[in-house]
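Spelled out from the first residue to the last, the chains are:
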Amino acid sequence: MSWQGIVGHDKQADFFRCNLEQGRLGSSFLFLGSSGIGKRKFALKLAQALFCQQNDAAQLQPCGDCPACRQVLADTHPDLHLIGVDRAHGKRSIIKAQLVGGKKSSTHESSQNLEQQTAQPAVADTTAMAAGFDIQAGDLSTHYQGLCYQLNLKPAQASRQIAIIDDADCMQDEAANALLKTLEEPPVGSILMLIASNPQKILPTIHSRCQTILFQTLADEQVKHVLLDSGAVETEDQARVLASLAGGSVEIALGAVDGKLVELRQEVCDLLPVFAQQPQRLAAVVESYVSAPKDSPAQRQCFQQVADVILRVFHLMLMQRTGVECSADQIAQLTVTTMLQNWKGDEETIIACIDRTLDAVTQLNANANIKTLVDAWIDDLAQIQICGGYMIPEL
Ligand SMILES: [Zn+2]
């Protein structure tokens, strides 16, 4: 049984339960782990448990039915503050104004802390306007006073205030710096949960002020269960295909439903058994998929997806060749069976293909030209197979 229906993060729940029982829960936490694995869901469920009016917080079992639990679900709890990148309005980062508010709010503000934090209102204004807030119209000054300010207020309903900062790895430096004081001297009883997937984009000063809670990527089986339980897919085989493409992320799996990635995988699985003879066909499919997006980060992400599909096939081959039990969906299994029947080389040649693919990913991260990279990689894989005595099957 997973904690509150959140798959794969029971240990993290145990950590909080244990600390709550002993009355020594910290104040600032950094939830770190790949995107799309349930960190935000976990944070919200934890907030619900802490606010629940029915069950004791230390049980970590929100009833889901009391007014407070319902408010958390509806995002209307007055003491829960959730911020993140405002992507709906084209923003790419968390700006300082989201933390300390705009100029007008600071002049009316009596809190000493806030006055210190907004000592340079001109900077806050510029940032806010650059991010699209209309200060003249009063967006910020009348409607938003900033997270740090709100946390310093007396709780409206519960015994504490809770803040969840999603996309904490997308905070502008000046926003992160504005948060430091609150992290250092959090208002009594308050809890801050920062959520991030890229530790390298978290300022060391933020990192060191938070207790880091690591979240692992989910196993394919866990992703499969989430997909089936949520009703996102109907059949077990469909769920297995998506899980195998997702690298442990439910978000990626959901993004691949009916998407191009599933088509690509089908094509790659069709071509892999014969690609030693016709590497250019596979290279063309890969290149067309990878070069479809216009910007370079998206192209690299596509390349990683292709590499993952191919790695998955080689891993399955290796496991089945060495008698390790593993489950595969029908498409992957057909490819693996065909390739193994004709694979005259030993396990070392399969490992060589895995190594060569991992090298390609490393080269990509070192900014190699994608087209050259794809051609060389696919050619090398074909050579490894031919040198290993691979027989091209007649399909
Ligand atoms: Zn409740």
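Remember, it's a predicted structure, so these values are computed and weren't measured experimentally.

## Examining unusual backbone geometry
Thought 1: Phi at Leu60 takes a positive value of approximately 55°, unusual for a residue other than glycine.
Thought 2: Note that Leu60 resides in the loop between α2 (39-51) and α3 (67-74).
Thought 3: For Asp167, which is not a glycine, the phi torsion comes out positive at approximately 55°.
Thought 4: Structurally, the position occupied by Asp167 is in the loop between β3 (162-165) and α10 (173-184).

## Things to note about the side chain of Gln48
Thought 1: Along the chain, the position of Gln48 falls in helix α2.
Thought 2: Discounting chain neighbours no more than four positions away, the residues touching Gln48 are Pro62, Gly64, Cys69, Val72 and Leu73.

## Some words on the packing of aromatic side chains
Thought 1: Applying the stated rule across the entire model yields ten aromatic pairs.
Thought 2: Relative to Phe42, the ring of Phe31 lies with its centre 5.8 Å away and its plane at 80°, an arrangement referred to as edge-to-face. With Phe31 in strand β1 (residues 28-32) and Phe42 in helix α2, this residue pair connects regions lying eleven residues apart in the sequence.
Thought 3: For Phe31, a relative accessible area of 0% corresponds to the buried category.
Thought 4: Taken together, the ring pairs connect Trp3, Phe15, Phe16, Phe29, Phe31, Phe42 and Phe215 into an aromatic cluster.

## As for a negative patch on the surface
Thought 1: A cluster of acidic side chains, namely Asp346, Glu348, Asp355 and Asp359, defines a negative patch on the protein surface.
Thought 2: The residue Glu348 is located in helix α19 (residues 347-365) in this model.

## Topic: the coordination of the zinc ion
Perfect tetrahedral coordination of a metal by four donors corresponds to 109.5 degrees between them, and perfect octahedral coordination by six donors corresponds to 90 or 180 degrees.
Thought 1: At this site the zinc ion is bound by Cys52 (SG), Cys63 (SG), Cys66 (SG) and Cys69 (SG), with donor distances of 2.3 to 2.4 Å.
Thought 2: Relative to the metal, the four donor atoms surrounding the zinc ion lie at angles of 105 to 116°, and the coordination shape comes out tetrahedral.
Thought 3: Sequence spacing of the donor residues for the zinc ion, all on one chain, is C-x10-C-x2-C-x2-C. Of this pair, Cys52 sits in the loop between α2 and α3 while Cys63 sits in the loop between α2 and α3, and the two are eleven residues apart along the sequence.
Thought 4: Given the relative accessible area of 30%, Cys63 is considered partly exposed.

## As for the pattern of salt bridges
Thought 1: The full count for this structure, using the stated rule, is 16 salt bridges.
Thought 2: One salt bridge in this structure joins Lys181 and Glu185, with 3.7 Å as the shortest N-O distance.
Thought 3: Each of Glu221, Lys224, Glu236, Asp237 and Arg240 takes part in one network of salt bridges that share partners.

## Some words on the sheet that holds strand β2 (residues 80-83)
Thought 1: Reading across the sheet, the five strands line up as β2-β3-β4-β1-β5 and stay open at both edges, with parallel pairing between neighbours. One side of each edge strand has no neighbouring strand; the edge strands of this open sheet are β2 and β5 (211-214). Within the sheet, the average angular offset between the axes of one strand and its neighbour, ignoring direction, is 20°.
Thought 2: Sheet topology note: the β2/β3 ladder contains four bridges and is parallel. Within β3, the position partnered with Leu80 by the bridge is Ile162.
Thought 3: On the sheet, helix α1 (residues 10-21) packs against β1 and β5 and is oriented at approximately 145° with respect to β5.

## What to know about helix α20 (residues 370-387)
Thought 1: Its 18 residues place the ends of α20 26 Å apart at the C-alpha level, agreeing with the 26 Å of an ideal helix rising 1.5 Å per residue.
Thought 2: Along α20, the residues that are buried comprise Ile370, Leu373, Val374, Trp377, Ile378, Leu381, Ala382, Ile384 and Gln385. Buried residues of α20, viewed axially, fall in a sector of 160°; they line one side. Away from its buried face by more than 90 degrees, α20 exposes Thr372 and Cys387.
Thought 3: One side-chain oxygen at the N-terminal end of α20 lies 3.0 Å from the backbone nitrogen of Lys371; it belongs to Asn369.

## Considering the nonpolar core
Taken as a class, soluble globular proteins show a tendency for nonpolar side chains to be buried jointly.
Thought 1: Ranked by internal contacts, the top residues of the largest apolar core, which has 91 residues, are Phe31, Phe42, Phe303, Phe314, Met317 and Trp377.
Thought 2: When residues in this core are grouped by element, the largest group, twelve residues, is from helix α17 (residues 296-321).
Thought 3: Apart from residues lying up to four places away in sequence, Phe42 is in contact with Trp3, Ile6, His9, Gln12, Ala13, Phe16, Phe31 and Phe215.

## Description of the packing of α17 against α19
Thought 1: In the contact formed by α17 and α19, the axes pass within 10 Å of each other and the chain directions differ by 165°. Classified by the angle their axes make, α17 and α19 are roughly antiparallel. For the crossing formed where α17 meets α19, the hand is left-handed. Between α17 and α19, the contacting residues are Arg300, Phe303, Gln304, Ala307, Ile310, Leu311, Phe314, His315, Met317, Leu318 and Arg321 on the first element and Glu347, Ile350, Ile351, Cys353, Ile354, Thr357, Leu358, Ala360, Val361 and Leu364 on the second.
Thought 2: When grouped by side-chain class, the residues that make up the contact of α17 with α19 number 15 nonpolar, three polar and three charged.

## A look at the environment of Pro186
Thought 1: Its place among the elements puts Pro186 in the loop between α10 and β4 (191-196).
Thought 2: By relative accessible area, Pro186 is classed as partly exposed at 26%.
Thought 3: Sequence-wise, Pro186 and Cys148 are 38 residues apart; in three dimensions their C-alpha atoms are separated by 9.3 Å.

## Details of helix α15 (residues 260-271)
Thought 1: Here α15 contains twelve residues, and its C-alpha end-to-end distance of 16 Å stays within 8% of the 16 Å for a straight helix at 1.5 Å per residue.
Thought 2: Every buried residue belonging to α15 is among Leu261, Leu264, Arg265, Val268, Cys269 and Leu271, and all of these are buried. In a view along the axis of α15, the buried residues occupy a sector of 165°, so they form one face of it.
Thought 3: Against the buried residues of α15 lie α13 (236-245), α16 (279-290), α17 and α18 (330-342).

The rules behind these values
- Residues numbered from 1 in each chain as written.
- Predicted model: local features only at pLDDT ≥ 70, side-chain atom pairs only at ≥ 80, totals over all residues.
- Heavy atoms only, no water.
- Helix = DSSP H or I, 4+ residues; strand = E, 2+ residues; numbered from the N terminus.
- Contact = heavy atoms within 4.5 Å.
- Phe/Tyr/Trp six-rings, centres within 6.5 Å; stacked < 30°, edge-to-face > 60°.
- Buried < 20%, exposed > 50% of the residue type's maximum accessible area, 1.4 Å probe, protein only.
- Patch = residues over 30% accessible without salt bridge, like charges linked within 9 Å, V, L, I, M, F, W, Y side chains within 5 Å.
- Areas by Shrake-Rupley, 256 points an atom, 1.4 Å probe, with all protein chains shown as cover.
- Salt bridge = Lys/Arg side-chain N within 4 Å of Asp/Glu carboxyl O.
- Lys, Arg positive; Asp, Glu negative; His and termini not counted.
- Charge placed at Lys NZ, Arg CZ, Asp CG, Glu CD.
- Donors = N, O, S within 2.8 Å, 3.2 Å for Na, K, Ca; no water.
- Tetrahedral: all angles 85-135°; square planar, octahedral: opposite > 155°, others 65-115°.
- Pairing = 2+ DSSP bridges.
- Axes fitted to C-alpha atoms, helices over the stretch in contact; angles between N-to-C directions.
- Expected span 1.5 Å × (residues − 1).
- Arc of directions from axis to C-beta.
- Polar contact = N/O pair within 3.5 Å; in protein donor to acceptor, adjacent residues only side chain to side chain.
- Core = buried A, V, L, I, M, F, W, Y, C linked by side-chain atoms within 4.5 Å.
- Parallel < 35°, antiparallel > 145°, perpendicular 65-115°, else oblique.
- Left-handed = near helix turned anticlockwise from the far one by under 90°.
- Nonpolar A, V, L, I, M, F, W, Y, C, P; charged D, E, K, R; others polar.

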